[in-house]
Amino acid sequence: MLRKLFLIGTAVITAVLATHLLLNTLQTAVAAAPTNTLVLYDGALGGTPDTQNFEYAAVNPVFPFPPAQATQTYSPALGLTILDTTPEISDLAGYAITPTLAPTLSRQAGFRLDFSVRINSETHNNNNRAGFSITMLAEDLLGIEIAFWENEIWAQEGGNPPTLFTHAEGVVYDTTTDIVDYELEIVESSYRLSANGVPVLSGPLRDYTAWEPPFPFIPDPYEQPNLIALSDNTSSAQGEIWIAYAAITTDTTPLVNVQPVSLTVSETVGTAVLDVQLSHTSTFTVTVGYETVAGTAVPGTDYTPISGTLTFTPGVISQSVAIPILDNTLDEPDREFTLTIADPTFARLGQSSAIITIQDDDEIIVDPLMEIYLPLVVRP
Ligand SMILES: [Ca+2]
Ligand SMILES: [Ca+2]
Ligand SMILES: [Ca+2]
Ligand SMILES: [Ca+2]
């Protein structure tokens, strides 16, 4: 029944379970980070995560609520924090991002949690539980909870009971041998986890909001927007977890741009070639639609209209679009039309249109002799 309790809304929890929670109320921002990256914990800087941008809580939720025996210990020699919930399996303990520091986690813009962790030991008495979990929820509460065992990393199922919080997709992985640099990225309706730069697990985001706290006075973490938590959040598992680093980066999806913004070609050119480029490569497959839009240039007369979808597999950063330009022999003004891109997936629109100007190359050649003998020809 008390299978999952959580570590957020600490003010509320404190008021209710003050004697059972260890809270650090002083938060210290860490050193300046890149513009869209917030370092939540860097063990190299010293101290436990709650001395940086996390809050810590530990609780034994089993009546009569004895003090939690879980510990967090900073190891100067290792430069990391050891979270140990092995003394009492029913203890819950771990970290959640300080709510006032949480950035908006937009699925459309994408976001990624980088974390460096070693599962030194983990045991569980329930196939659907793990002694260490990463929980990350977007602003709209869709997200993913990733469970860590010694020999497997797997996703918690969402939806409604009885499938809610059951063992979903997973990958065999040895989490125990060393610190592993993980990246958990969420874009649109998907998550992707990589370990030391290698993709290991991916799947759809889940909705965990159907979970309800066992007591009405306990806040529901799965209703907490922009949640990032690293914890043993179950009474059915325990572990010793080494936590070295965690950082959240927002706006991870690339911008997709048409280049150049304007292009002038002769009507004899054959094809006008433009590039559609990503601002950086993606670990997801990016798609974007494109089409030509008539201006003073007439489709079918001045150019052949085209439309379609470009696909950028992971690692691909640029694609060409070739538009047939139609030649003629008419002396005419320059004409223009537009190439537009729209409806990107796993990317955001940047420069979304380019103007193509078709230059005329024809002149009417007036033969002065024709003016003289033409009348002679047509008149009897
Ligand atoms: Ca709920
Ligand atoms: Ca536990
Ligand atoms: Ca021509
Ligand atoms: Ca012409």
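Structure shown above.
Described in the following lines is the structure provided in the data block. On a predicted model such as this, the values are computed, not experimentally measured, just so you know. (Residues numbered from 1 in each chain as written. Chains lettered and ligands numbered in written order. Predicted model: local features only at pLDDT ≥ 70, side-chain atom pairs only at ≥ 80, totals over all residues.)

1. Looking at the overall build of the protein
Under the convention used in this document: Counting from the N terminus, the helices are the DSSP runs of H or I reaching at least four residues and the strands are the DSSP runs of E reaching at least two. Residue burial is a threshold on neighbouring C-beta atoms within 10 Å of the residue's own C-beta, all placed from the backbone, with 20 or more meaning buried, 12 or fewer meaning exposed, and counts in between meaning partly exposed. The contact criterion used here is simple: two residues whose C-beta atoms, placed from the backbone, lie within 7 Å are in contact.
The secondary structure content of the protein amounts to 2 helices and 25 strands. The 380 residues of the protein split such that 40% are buried. Intrachain contacts of the protein at a sequence separation of at least 6 include 70% that bridge at least 24 residues.

2. Some thoughts on the environment of Thr-166
Tracing the backbone shows Thr-166 in the loop between β9 (152-156) and β10 (167-172). For Thr-166, a count of 15 C-beta atoms within 10 Å corresponds to the partly exposed category.

3. Some remarks on the sheet that holds strand β23 (residues 335-345)
Stated precisely, the cut-off is as follows: When DSSP finds two or more bridges between a pair of strands, those strands are recorded as paired. For helices, the fitted line uses only the C-alpha atoms of the stretch in contact; every axis is such a line through C-alpha atoms, and the angle between N-to-C directions lies from 0 to 180 degrees.
Spatial ordering of the open sheet is given by β18-β25-β23-β20-β21, a layout of 5 strands whose pairing is mixed. Strands at the two margins of the open sheet, each flanked by one partner only, are β18 (262-266) and β21 (307-312). Across the sheet, the mean angle from the axis of one strand to that of its neighbour is 25°, orientation sign disregarded. As paired strands, strand β20 (residues 286-293) and β23 are joined by 6 bridges and run antiparallel to one another. Residue pairing across strands places Val-293 opposite Thr-338, the latter belonging to β23.

4. What about unusual backbone geometry?
With an omega of 10°, the peptide bond running from Phe-63 to Pro-64 counts as cis. The topology assignment puts Pro-64 in the loop between β2 (54-59) and β3 (71-75). Here the residue pair Pro-161 and Pro-162 is connected by a cis peptide bond, since its omega of 10° sits within 30 degrees of zero. Relative to the elements of secondary structure, Pro-162 occurs in the loop between β9 and β10.

5. Focus on the sheet that holds strand β24 (residues 348-349)
Here 4 strands make up an open sheet; going across it, the order is β22-β19-β17-β24 and the pairing mixed. Whereas interior strands pair on both sides, the edge strands pair on one side only; in this sheet they are β22 (318-324) and β24. Bridging between strand β17 (residues 255-259) and strand β19 (residues 271-278) involves 4 bridges; their strand directions are antiparallel. Directly across from Asn-257, in β19, lies its bridge partner Gln-277.

6. Some thoughts on the nonpolar core
Soluble, globular proteins show a tendency: their nonpolar side chains are buried together. For clarity, the cut-off: Working definition: the nonpolar core is a set of buried Ala, Val, Leu, Ile, Met, Phe, Trp, Tyr and Cys residues, joined through C-beta atoms within 7 Å. Domain borders in the structure are assigned automatically or taken from a domain database.
Counting 86 residues, the largest nonpolar core has Val-117, Met-136 and Ile-243 as the members making the most contacts within it. Per-element accounting of this core gives the leading share, 8 residues, to strand β16 (residues 237-250). Residues from two domains meet in this core; each of domain 1 (10-250) and domain 2 (255-359) gives at least three.

7. Let's talk about the environment of Gly-270
Mapped onto the fold, Gly-270 is located in the loop between β18 and β19. Under the C-beta neighbour-count criterion, Gly-270 is labelled partly exposed, with 13 such atoms within 10 Å. For the pair formed by Gly-270 and Pro-324, sequence separation is 54 residues and the distance between their alpha carbons is 5.8 Å.

8. Quick notes on the pairing of β2
Among the 6 residues of β2, 6 are classified as buried, and the element is accordingly described as predominantly covered. Burial along β2 is two-sided: Phe-54, Tyr-56 and Ala-58 facing one way and Glu-55, Ala-57 and Val-59 facing the other are all buried. As defined by bridge partners, β2 adjoins strand β5 (residues 92-97) across 6 bridges and the pair is classed as antiparallel. Bridged to Ala-58 within β5 is Ala-93.

9. Examining the environment of Ile-228
Assignment of secondary structure puts Ile-228 in strand β15 (residues 228-232). In this structure Ile-228 comes out as buried when scored by C-beta crowding, with 29 C-beta atoms within 10 Å. Linking Ile-228 and Phe-54, residues 174 residues apart in sequence, is a C-alpha distance of 9.2 Å. In this view, Ile-228 contacts Ala-96, Ile-97, Leu-113, Met-136 and Ile-248; residues no more than four positions away in its chain are not counted.

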